[in-house]
Amino acid sequence: MTRPVVIAVDCSTTGSKAVAFDADGVAVAEARRPYPRRSPRPGWQEQDAADWWNATADAIHDVVASLDDSSPPMALGITHQRETFVCLDERGEQLRPAILWLDTRAGEQIARLGSPAIHQLSGKPPSTTPSLYKLAWLAEHEPEVLARTALVLDVHGYLVRELTGEVATSWACADPMSMLDMATFTWSPQLVATAGLTLEQLPRLVAPGSVIGTVTATAAERTGLPVGLPVVAGAGDGQCAGLGAGVLTADRAYLNLGTGLTMGVHSASYRWDRAYRTLASPIAGAYTLESLLSSGALSIAWFRDALSGLTGDDREERLERMAAEVPVGARGLLFLPYLTSAETPYWDADARAAFVGLTDEHGRPEMYRAVLEGLAYEERLSLSLIERSTGQSVVSLVAMGGASRSRLFTQLLADVLERPVAVAAEVETTALGAAILAAAAVGLEDVKSVEEATQRMTRVAHVRYPDDGRRAVYREAARVYAELYPTLRSLFPQLSRLRAMSAS
């Protein structure tokens, strides 16, 4: 029996993955190609845009080669690392390395240009992530680059150009760049000018879930895809993860436990607040309200690699076993998880991480548990602020991403958040979101809408329920945690200056 598939591409911070899904959301083939990122100066994060395409093309080629005649591809969807962008010249060549979403070089531009008016128009509080401020940095520090720039593309737009020849992107992919009028999903002349660009330097915008182009003969030869295969406009990785988790109502939230930790809820109408950033939903015309912690699973990896002193591929499992033996509350140790900066709700580029309450009785197990608990306290704070802003209670959450495979962490989240936390069954939830958009666009096995495809293609593996016996300790710990940043805030700019002095 022939069961056609759609192929989803997830072009992330560390590599590009291609996954073929059938109409029931089952992954039937996948491949991944990694690529590096560079930090030529403190706070700078860059990549070679050509790596995005080469890794994507190779991953697609491997997936197509593994499919047989009973699983023909019917469409391709794309999701990607948000805010990352590249400047191209008239020949389509990269003028300088692409600047990543986690790059923090534009602190001065954020302080000078960020304003409530820009927040209201773009839906993004001033912070280190939006591309707008990094483009303004380029306009001031590398004006010759922007003068020669014919086109600024997000990662999705770059891949669409390589696959189809179209100079276009989805408005749900471009909007994290902070240059869209979020009320209309169009480029804002005011925001574009603030970034130092003109409208002519930006791609055409289309609705997520629409066919943006078809695979060219050149791209087909490179990837093994059929010529003329529909390429479907996607959304950023956070929004697609929410779609892949089946979060389509305001009373349910997604919790993406990746390098950056994001929590999002669906909104039918436009609203803006410092408690979240407002993004275009994968459902065309709707919105996603999302909190952000850029050093989510990054905090886990940092402790594992830099502080654990352990070796071997099972380091995380060993750390978890040790942490599981530590009492709730990590014996009074708290961790503020701002390794790179603070995003929601503070939006402080100077903020940094801290262990607070260390004693000579604390060791690796307590410190690792404190890292996990700190991430959970941060999400509790974010959830309470989202609920306060929207007036809508969130009754349950769906977790996905690499850290969702941790039994300890997901149970800890349920305990701290005091809500059930379901774990998505599909590991590649972000890619599944792009696949859902592609399936709906071409009517894979007669699905009629994104909502119908979501219902059919998503499921959860299991649910963690909160342990009421831990509630009192976690409530008190969360109360103290909420005071950490306000207490330390005045020190962070001084520490930032000290770092600069130490680096010189």
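First, a word on scope: everything that follows refers to the structure included in this document. (Residues numbered from 1 in each chain as written. Predicted model: local features only at pLDDT ≥ 70, side-chain atom pairs only at ≥ 80, totals over all residues. Heavy atoms only, no water.)

**As for the environment of Met-74**
Link 1 in the chain: Positionally, Met-74 belongs in strand E5 (residues 73-80).
Link 2 in the chain: With relative accessibility at 37%, the residue Met-74 sits in the partly exposed group.
Link 3 in the chain: As a C-alpha pair, Met-74 and Val-231 span 157 residues in sequence and 9.4 Å in three-dimensional space. (Helix = DSSP H or I, 4+ residues; strand = E, 2+ residues; numbered from the N terminus. Buried < 20%, exposed > 50% of the residue type's maximum accessible area, 1.4 Å probe, protein only.)

**Some words on the side chain of Gln-45**
Link 1 in the chain: Positionally, Gln-45 belongs in the loop between strand E3 (27-34) and strand E4 (46-47).
Link 2 in the chain: Side-chain polar atoms of Gln-45 contact the side chain of Arg-37, separated by 2.7 Å.
Link 3 in the chain: If sequence neighbours within four positions are ignored, Gln-45 has contacts with Arg-37, Arg-38, Ser-39, Ala-98, Ile-99, Leu-100, Leu-102, Asp-103 and Arg-105. (Polar contact = N/O pair within 3.5 Å; in protein donor to acceptor, adjacent residues only side chain to side chain. Contact = heavy atoms within 4.5 Å.)

**Quick look at the pairing of E3**
Link 1 in the chain: As paired strands, strand E2 (residues 15-21) and E3 are joined by seven bridges and run antiparallel to one another. Residue pairing in the sheet places Phe-21 in a bridge with Ala-27 of E3.
Link 2 in the chain: In sequence, E2 turns back onto E3 through a hairpin of five residues, with Gly-25 there showing a positive phi of about 80°. (Pairing = 2+ DSSP bridges.)

**As for the packing of helix H13 (residues 364-390) against helix H14 (residues 407-417)**
Link 1 in the chain: Put simply, H13 and H14 touch, their axes get as near as 9 Å, and they point 40° apart. Taken together, the axes of H13 and H14 lie oblique to each other. Like other packed secondary-structure pairs, H13 and H14 cross with a definite hand, here right-handed. Counting all contacts with H13, which are made through Arg-369, Leu-372, Glu-373, Leu-375, Ala-376, Tyr-377, Glu-379, Arg-380 and Leu-383, the residues of H14 involved are Leu-408, Phe-409, Leu-412, Leu-413, Val-416 and Leu-417.
Link 2 in the chain: Here the contact of H13 with H14 is composed, by residue class, of 11 nonpolar, no polar and four charged. (Axes fitted to C-alpha atoms, helices over the stretch in contact; angles between N-to-C directions. Parallel < 35°, antiparallel > 145°, perpendicular 65-115°, else oblique. Left-handed = near helix turned anticlockwise from the far one by under 90°. Nonpolar A, V, L, I, M, F, W, Y, C, P; charged D, E, K, R; others polar.)

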